[in-house]
Amino acid sequence: MELKLLHDQLIKPALRALPGVAEVNASGGHEKQILIHPRPDALLAAGITTAELADTIAANTENAGGGAIQIGGEQIIIRADSRVQTPADIARLPVKFRGLASRPLLVSDLADITIGASLRTGSSTYNGRETLLGSALMLTGENSRAVARRIAAKIDELRPRLPANVELITVYDRTELVDRTINTVAHNLTTGALLVTLVLLLLLGNIRAALIVSLAIPLSFLFAITGMVETKLSGNLMSLGAVDFGLIIDGAVVMVENIVRRLGHRQHELGRPLTPSERHGTTLAAAREVGRPAFYGVLIITIVYIPLLTLTGVEGKTFKPMALTVIYALIGALILTLTLMPALAATLLRGKIAHADNPLLRALKNLYRPLLALALRLRAPLAAASIALFALAAHLFTTLGAEFIPQLDEGSFATHMIRTTSIGLDASIAMQEKTEQEILRQFPGITATFSRIGTQEVATDPMGVNVADTYIFYKPLKEWQNQAKPQTPNAKPQTPHSKLQNPNTPGPPHPPGAAAPTPVQPFSPSAFQPFSSKAELAARLTTALETAIPGQAYLFSQPIQMRFNEILEGTRADIAVKIFGDDYDQIEHIATAAREILEAIPGAADVEFDSLGKAPLLEIKLKPDAMTRYNIHAAELNAAIATALAGAHVGSIIEGNRRTPIVVRAPDAIRARTDEILRLPLRAGSPDTLLTIGQVADLIVTEKVAAITREAGQRRAAIMVNLRGRDVESYVREARRKIDATLGPTLPPGYTIEFGGSFENLRQARARLAIIVPAALAIIFILIYIALGSLRQALLVYTGIPLAVTGGVFALWLRGMPFSISAGVGFIALSGVAVLNGLMMVSHFNTLRAQGLTVRDTAIEGALTRLRPVLMTALVASLGFLPMALATGPGAEVQRPLATVVIGGIVTATFLTLILLPALYTWQRRRPALPV
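What counts, and where the lines are drawn
Residues numbered from 1 in each chain as written. Predicted model: local features only at pLDDT ≥ 70, side-chain atom pairs only at ≥ 80, totals over all residues. Heavy atoms only, no water. 1 Å grid on protein atoms, 1.4 Å probe; cavity = no way out; pocket = protein on both sides within 12 Å on 5 of 7 lines; lining within 4 Å. Points joined across faces, edges and corners; volume = space filled by probe spheres on them. Helix = DSSP H or I, 4+ residues; strand = E, 2+ residues; numbered from the N terminus. Nonpolar A, V, L, I, M, F, W, Y, C, P; charged D, E, K, R; others polar. Axes fitted to C-alpha atoms, helices over the stretch in contact; angles between N-to-C directions. Parallel < 35°, antiparallel > 145°, perpendicular 65-115°, else oblique. Left-handed = near helix turned anticlockwise from the far one by under 90°. Contact = heavy atoms within 4.5 Å. Core = buried A, V, L, I, M, F, W, Y, C linked by side-chain atoms within 4.5 Å. Buried < 20%, exposed > 50% of the residue type's maximum accessible area, 1.4 Å probe, protein only. Pairing = 2+ DSSP bridges. Salt bridge = Lys/Arg side-chain N within 4 Å of Asp/Glu carboxyl O. Patch = residues over 30% accessible without salt bridge, like charges linked within 9 Å, V, L, I, M, F, W, Y side chains within 5 Å. Areas by Shrake-Rupley, 256 points an atom, 1.4 Å probe, with all protein chains shown as cover. Polar contact = N/O pair within 3.5 Å; in protein donor to acceptor, adjacent residues only side chain to side chain. Phe/Tyr/Trp six-rings, centres within 6.5 Å; stacked < 30°, edge-to-face > 60°. Lys NZ or Arg CZ within 6 Å of the ring centre and 35° of its normal. pLDDT = per-residue confidence, 0-100.

**Quick look at empty space enclosed by the protein**
Then, in step 1: Of the volumes computed, that of the largest cavity is approximately 80 Å³.
Then, in step 2: Along the walls of the largest cavity sit Asp250, Val833, Ala834, Leu836, Asn837, Thr873, Ala874, Ile906, Ala909, Thr910 and Thr913, which together make up its complete lining.
Then, in step 3: Elements supplying a minimum of two residues to the lining of the largest cavity: α29 (821-850), α31 (867-886) and α32 (892-921).
Then, in step 4: Looking at the lining of the largest cavity residue by residue, the class counts come to 6 nonpolar, 4 polar and 1 charged.

**Some points on the packing of helix α7 (residues 174-204) against α31**
Then, in step 1: Axis separation between α7 and α31 bottoms out at 8 Å; the angle between their running directions is 160°. With respect to α31, the axis of α7 lies roughly antiparallel. The crossing of α7 and α31 is right-handed. Contact with α7, carried on its side by Asn188, Thr191, Gly192, Leu195, Val196, Val199, Leu200, Leu203 and Leu204, involves Arg868, Leu871, Met872, Leu875, Val876, Leu879, Gly880, Leu882, Pro883 and Met884 of α31 and no other residues of that element.
Then, in step 2: The residue makeup of the contact of α7 with α31, split by class, is 14 nonpolar, 4 polar and 1 charged.

**A short note on the nonpolar core**
Then, in step 1: Judged by nonpolar contacts, the single largest core of 137 residues is most densely connected at Leu200, Ile249, Tyr305, Leu308, Met322, Leu349 and Ile784.
Then, in step 2: Here this core gets 16 residues from one element, more than from any other, and that element is α29.
Then, in step 3: If we ignore the near neighbours within four places in the chain, the residues touching Leu349 are Asn206, Arg208, Ala209, Ile212, Ile259, Val260, Leu263, Arg279 and Leu344.
Then, in step 4: Among the nonpolar cores identified, the runner-up in size contains 28 residues, and Ile575, Phe609, Val728 and Phe759 belong to it.

**A few points about the pairing of strand β13 (residues 467-474)**
Then, in step 1: Among the 8 residues of β13, 8 are classified as buried, and the element is accordingly described as predominantly covered.
Then, in step 2: Taking every second residue as pointing to the same face, both faces of β13 are buried, with Val467, Asp469, Tyr471 and Phe473 on one and Ala468, Thr470, Ile472 and Tyr474 on the other.
Then, in step 3: Relative to β13, strand β11 (residues 412-419) runs antiparallel, the two being bridged by 7 bridges. Bridge pairing in β13 links Thr415 to Thr470.
Then, in step 4: Summarising the sheet, strand β12 (residues 446-454) and β13 pair through 7 bridges and their orientation is antiparallel.

**A word on unusual backbone geometry**
Negative phi values dominate among residues other than glycine, just as trans dominates among peptide bonds.
Then, in step 1: For Lys232, which is not glycine, the phi dihedral falls at a positive 60°.
Then, in step 2: Unlike most non-glycine residues, Asn631 shows phi in positive territory, near 55°.
Then, in step 3: With respect to the helices, strands and loops of the structure, Asn631 is situated in the loop between α21 (624-629) and α22 (634-646).

**Section: the pattern of salt bridges**
Then, in step 1: Tallied over the full model, the rule gives 31 salt bridges.
Then, in step 2: Among the salt bridges present, the one from Arg159 reaches Asp156, with a minimum N-O distance of 2.6 Å.
Then, in step 3: Take Arg159: its relative accessible area is 34%, and that puts it in the partly exposed class.
Then, in step 4: Across the salt bridge formed by Lys623 and Asp698, the nearest N and O atoms sit 3.4 Å from each other.

**A few points about a nonpolar patch on the surface**
Then, in step 1: Together, Ile782, Tyr785, Ile786, Leu791 and Leu795 line one region of the surface with nonpolar side chains, adding up to about 470 Å² of accessible area.
Then, in step 2: Elements with a contribution of two residues or more to the nonpolar patch: α26 (758-788) and α27 (791-798).
Then, in step 3: Counting residues per element, the nonpolar patch draws most heavily on α26, at 3 residues.
Then, in step 4: With respect to the helices and strands, Tyr785 occurs in helix α26.
Then, in step 5: Tyr785 gets classed as partly exposed once you look at its relative accessible area, which sits at 40%.

**Concerning the side chain of Thr908**
Then, in step 1: Mapped onto the elements of the fold, Thr908 is located in helix α32.
Then, in step 2: Judged by its relative accessible area of 17%, Thr908 is buried.
Then, in step 3: At 2.5 Å, the side chain of Thr908 forms a polar contact with the backbone oxygen of Leu803.
Then, in step 4: If we skip the residues at most four places from it in the chain, Thr908 touches Leu803, Ala804 and Gly807.

**Quick word on the sheet that holds strand β7 (residues 111-117)**
One key point about sheets: their strands pair by backbone hydrogen bonds, in either a parallel or an antiparallel sense.
Then, in step 1: In spatial order, the strands read β7-β2-β20-β19; together these 4 strands make up an open sheet with mixed pairing. Each end of this open sheet is capped by a strand with a single partner; those strands are β7 and β19 (648-655). Strand after strand, the sheet turns through a mean of 25° between neighbouring axes, direction not considered.

**Section: the pairing of β11**
Then, in step 1: Burial within β11 is extensive, with 8 of its 8 residues counted as buried.
Then, in step 2: Side chains Ser412, Ala414, His416 and Ile418 of β11 all project onto a buried face; the interleaved residues Phe413, Thr415, Met417 and Arg419 project onto the opposite face, where all are buried too.
Then, in step 3: With 6 bridges joining them, β11 and strand β15 (residues 552-557) adopt antiparallel strand pairing. When the sheet's bridge partners are listed, His416 is paired in β15 with Leu555.

**Focus: the packing of aromatic side chains**
Each aromatic ring pair is described using two quantities: the centre-to-centre distance and the angle formed by the ring planes.
Then, in step 1: Enumeration according to the criterion identifies 11 aromatic pairs in this entry.
Then, in step 2: Between Tyr172 and Phe473 the ring centres are 6.1 Å apart and the planes differ by 40°, which places this aromatic pair in the tilted class. Here Phe473 lies in strand β13 and Tyr172 lies in the loop between β10 (167-169) and α7, a separation of 301 residues in the sequence.
Then, in step 3: Look at Tyr172 and you get partly exposed, because its relative accessible area is 28%.
Then, in step 4: Looking at Arg595, its charged tip hangs above the ring of Phe609, at a distance of 5.0 Å from the centre.

**Here we look at the packing of helix α11 (residues 250-270) against α31**
Then, in step 1: With their axes 10 Å apart at the nearest point, α11 and α31 run at an angle of 150° to one another. Between α11 and α31, the angle is such that the two are roughly antiparallel. Our pair here, α11 against α31, has a crossing hand that is right-handed. Mapping the contact onto sequence places Asp250, Val253, Val254, Glu257, Val260 and Arg261 in α11 and Arg868, Pro869, Met872, Thr873, Val876 and Ala877 in α31.

**Details of the confidence of the model for the protein**
Then, in step 1: Mean pLDDT for the protein: 81, with 90% of residues reaching 70 or above.
Then, in step 2: Confidence over residues 925-932 falls short of pLDDT 50; this stretch has 17 contacts with residues more than four positions distant or in other chains.

What follows is the structure, encoded as structure tokens:
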């Protein structure tokens with residue numbers, strides 16, 4: 001009780017005043033109340049009901065205002081100070097007068113006045129002990145990292161103001177996850193930038209030119225950061241995680257490479273270094289040569305991200321920041337490509353510029369020349385093989401499976417522990433404490449656990465007392481040691497994680513009627529073996545807890561992921577199988593049969609009901625004849641029951657700046673006995689007649705549905721399913737097929753089974769992609785046609801997209817990754833990258849044809865000339881994504897499919913540009929093409 005007062009009077013007001021904090025919600029603790037416990041015998045003897053006693057007390061708990069008066073030129077406020085100030089004042093309140101000579105009946109004659117606590121609907125535990133947990137809720141649109149830091153700083157200020165025996169600990173801080181993911185992003189960006197710079201140095205063969213191109217990386221990133229600041233985008237996993245510096249500077253690579261090549265050739269022709277005017281003229285001519293295709297190439301890459309801005313729902317919130325950041329960076333890179341890059345090249349590329357290729361490029365050309373000649377001879381088989389490869393990729397795509405968004409490893413568990421619906425709060429707390437103690441004893445790599453049982457003070461997440469959200473924090477899996485020493489149940493965690501706990505307060509006694517405590521299990525060395533994956537740890541936790549503490553089910557998720565699922569679909573699992581109908585018994589029967597089918601399908605790790613089942617109910621049934629005989633209405637009986645059993649709030653006592661509620665409620669000893677409930681007084685139709693509830697009603701103990709859930713106006717039950725080692729789409733397909741075959745023919749009319757959760761999000765997102773992907777492809781084709789001015793050549797360059805998609809599909813297949821919205825975004829980005837080099841190649845072909853070369857000579861000469869820029873743009877774009885594709889840190893799960901698709905697609909798109917595109921070009925009519 002003292003902890004709850006401390007939280008409400010000190011901790012909560014201080015945190016709620018912080019910018020960005022919407023509410024501070026408490027779970028657990030005991031709310032202090034002044035309890036008035038009526039004595040039924042005394043009430044009956046005095047002829048007073050519980051409700052009348054409550055009305056009397058309520059009439060003495062308020063002050064009244066009398067306005068204001070003017071006395072001697074001063075305004076004086078009038079107030080009647082009539083409220084009770086202490087429990088003793090309540091005890092002295094007169095309830096009934098028996099005559100002028102007699103002492104009136106006081107509240108103390110009819111009831112006992114005590115300091116007690118409100119009826120609890122939930123509690124919290126920490127490391128196997130009951131505690132009080134406060135949750136700070138953030139305002140929508142705020143920066144979670146900044147808000148969390150403000151809260152942490154305020155908690156540090158509050159700790160010295162706490163009593164000596166009270167400890168304030170932060171048990172969950174989202175900043176830790178945010179910092180880990182930002183570190184992953186920073187590592188990927190840094191590594192990618194270094195790899196890009198290395199490729200530029202190796203292939204350009206000119207340090208100054210490589211540094212000029214490398215300068216575009218920080219400058220384009222500065223453009224992106226400026227755009228993010230102006231549009232209020234935060235730096236996070238998606239807004240920064242998909243930035244590929246190699247992709248962004250492709251235009252700059254093409255521009256500077258062509259300038260270096262032309263300067264080297266011009267110096268070779270003249271046999272001397274160029275004068276400033278010659279250098280500027282050559283640079284301008286080289287920039288004009290590639291300026292138009294570079295402009296359109298980068299513009300195409302930029303525009304393909306625009307359709308991502310039309311995404312809605314979760315996928316929109318996830319990928320819009322990424323699209324905007326990349327667009328800002330590409331716009332900056334395009335401006336730099338057309339302005340700063342030529343200017344720096346003309347200024348800094350002085351002195352001797354090597355004319356001949358460096359050894360690495362000569363070796364590559366020696367390998368490429370015979371392959372190109374072979375491709376020109378085998379054009380038809382090569383084209384047929386490319387089509388066959390695309391068809392194979394299309395078939396493989398149908399076998400990949402699909403999921404909405406890859407799960408981000410948060411480095412902790414949020415475990416939904418579900419017990420029988422009839423369990424009481426005290427018994428549920430006792431079981432939760434034993435569970436956490438067992439976890440800490442058997443798994444020393446787990447640093448801390450805490451839970452929320454039932455419903456919090458503000459019912460943002462209503463649950464029954466049979467349900468506990470348990471958060472489990474553990475060391476990184478690589479730090480788990482073999483045969484570690486066991487940890488005592490009440491040992492403190494290695495790292496502090498917010499709890500408000502009195503360490504000197506003993507745990508609650510064993511509740512009466514609850515199951516006996518489970519004996520401590522002997523130490524099991526197998527529980528201390530290192531784990532290869534998070535899924536294996538979850539499986540071992542389930543096995544250990546099912547053995548040590550039977551009687552509860554487990555649903556493993558993660559803190560943010562679980563809340564995400566609940567907000568989207570109303571359930572805490574990845575997949576929700578919903579049964580709709582009218583009769584709850586029939587719904588329960590169908591759900592039980594469906595659960596058996598779902599559990600038998602491979603990949604289903606956790607399959608549990610969501611608030612399904614019946615709980616005991618003490619029902620007060622009216623006797624119609626007695627009600628008529630005594631002239632009593634149901635409202636009078638309801639008021640008597642609500643006041644005596646649920647309790648009536650009749651006012652409050654002000655103690656300083658604290659308000660303590662005054663509640664009239666029958667004592668627990670009466671509320672727990674049916675015979676005592678039947679003896680509670682009830683006012684009959686006559687003011688002088690008093691009855692008992694037992695004279696007009698019967699008490700019946702029965703079982704009723706614990707919770708009735710509705711969706712779209714229909715009753716429904718849900719089965720929660722979490723998967724491990726299997727994608728969502730293939731599981732749902734198999735589950736739907738088996739449920740339709742087994743239950744479909746027997747479903748009564750009006751009863752339906754639907755699949756929701758992440759599968760429904762995937763379906764909606766794919767429907768949206770089915771619109772925006774064709775739109776993006778159409779925009780790309782139009783821009784290619786505008787750049788080349790030829791429908792035939794536009795189609796030729798456009799063939800890069802199918803082959804790029806082929807590479808992306810094969811890359812997913814080789815890495816065993818399902819299709820996801822993250823991969824879908826990768827395919828969209830890839831479609832822009834795939835045409836850049838093709839556009840540059842065909843533009844150069846047209847220039848050579850205008851100079852009078854034959855088609856074959858054009859293909860050979862142009863392909864060899866463009867080998868270096870094609871390889872450079874392909875390598876810098878793919879290597880820029882390589883750290884994301886190989887990353888294993890927090891947040892890498894979301895980036896990995898996107899990077900995998902782009903890298904695989906660039907490989908096949910480069911093959912198209914260097915091998916297939918020159919061969920296909922020679923099929924066009926043998927006449928010079930007009931320069932574009």
